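# A closer look at the structure
So you can see what is in the structure, the chains are spelled out below.
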Amino acid sequence: MTSPSFSYASVVDRIYSRRSSELYDNIAYLHHPSGVTVVVLRTIPSSEVIEVDFGSTKKHGADRSTNQVSGKGKRGALILQTDSKLCTFKCQDGTEHVVRAGVRGTLVEMNDRLKTHPDLIRTAPDNQGYIAIITYGAGVRDTDGMGDELPKKRLHLK
């Protein structure tokens with residue numbers, strides 16, 4: 001007699017809705033009902049990620065990871081346009097990938113953990129390896145630029 005198997009939505013998918021980007025196929029959004037959106041990778045590179053650059057060089061612009069945001073009004077937050085570059089990451093096989101916002105909003109936080117552990121962007125993209133957290137204006141719960149809802153990740157237990 002075999003034991004029954006069970007399938008559950010992951011914790012992330014029970015709290016957030018997983019949405020695609022209308023403009024960029026390499027990112028996905030984890031959108032919370034409160035209006036907060038977490039930017040994660042949708043297409044996971046096969047090679048190890050060795051460096052994540054948040055724009056700390058003259059070529060890549062101001063370092064977005066050092067931006068200080070405070071207060072209810074998110075004072076000091078950067079305003080993002082759909083084509084705003086969030087980061088660039090380099091893989092061990094020599095490829096370089098650019099991650100853009102894909103939505104208009106306010107950049108609240110960049111994941112500083114990726115500076116010291118860049119491969120988290122590949123190995124744990126939905127939790128410790130998230131890229132950024134974006135919010136929108138007062139009262140905005142949904143935004144243009146988000147595409148269709150993606151299938152939930154399922155955990156299979158035996």
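The sections below set out a description of the structure shown in this document.

Conventions we followed
- Residues numbered from 1 in each chain as written.
- Predicted model: local features only at pLDDT ≥ 70, side-chain atom pairs only at ≥ 80, totals over all residues.
- Heavy atoms only, no water.
- Helix = DSSP H or I, 4+ residues; strand = E, 2+ residues; numbered from the N terminus.
- Buried < 20%, exposed > 50% of the residue type's maximum accessible area, 1.4 Å probe, protein only.
- Contact = heavy atoms within 4.5 Å.
- Pairing = 2+ DSSP bridges.
- Axes fitted to C-alpha atoms, helices over the stretch in contact; angles between N-to-C directions.

### Focus: the overall build of the protein
Scanning the protein for helices and strands turns up three helices and twelve strands. The burial tally for the protein puts 44% of its 158 residues in the buried class. Relative to all contacts within the protein whose residues are 6 or more apart in sequence, the contacts with residues 24 or more apart total 62%.

### Some words on the sheet that holds strand β8 (residues 96–100)
Sheet architecture is open: three strands sit in the order β5-β7-β8, paired in antiparallel fashion. The sheet terminates laterally at β5 (49–53) and β8, the two strands that pair on one side only. Each adjacent strand pair in this sheet contributes to an overall mean axis angle of 20°, direction not counted. The pairing of strand β7 (residues 85–91) with β8 spans five bridges and is antiparallel. Bridge assignment links Lys 85 to a residue of β8, and that residue is Arg 100.

### Regarding the sheet that holds strand β9 (residues 105–110)
The seven strands lie next to each other as β6-β9-β10-β4-β3-β2-β11, forming an open sheet whose pairing is antiparallel. The strands lining the two open edges of the sheet, one partner per strand, are β6 (78–80) and β11 (146–149). On average, adjacent strands in this sheet sit at an angle of 40° to one another, irrespective of strand direction. As paired elements, strand β4 (residues 37–41) and strand β10 (residues 132–135) share three bridges and run antiparallel to each other.

### Examining the environment of Arg 42
Relative to the helices and strands, Arg 42 resides in the loop between β4 and β5. On the accessibility criterion, Arg 42 (40% relative accessible area) is partly exposed. Along the backbone, Arg 42 and Tyr 24 are 18 residues apart, and their C-alpha atoms lie at a distance of 9.6 Å. Not counting residues within four places of it along the chain, the set of residues in contact with Arg 42 comprises Ser 20, Asp 25, Asn 26, Ile 27, Ala 28 and Leu 150.

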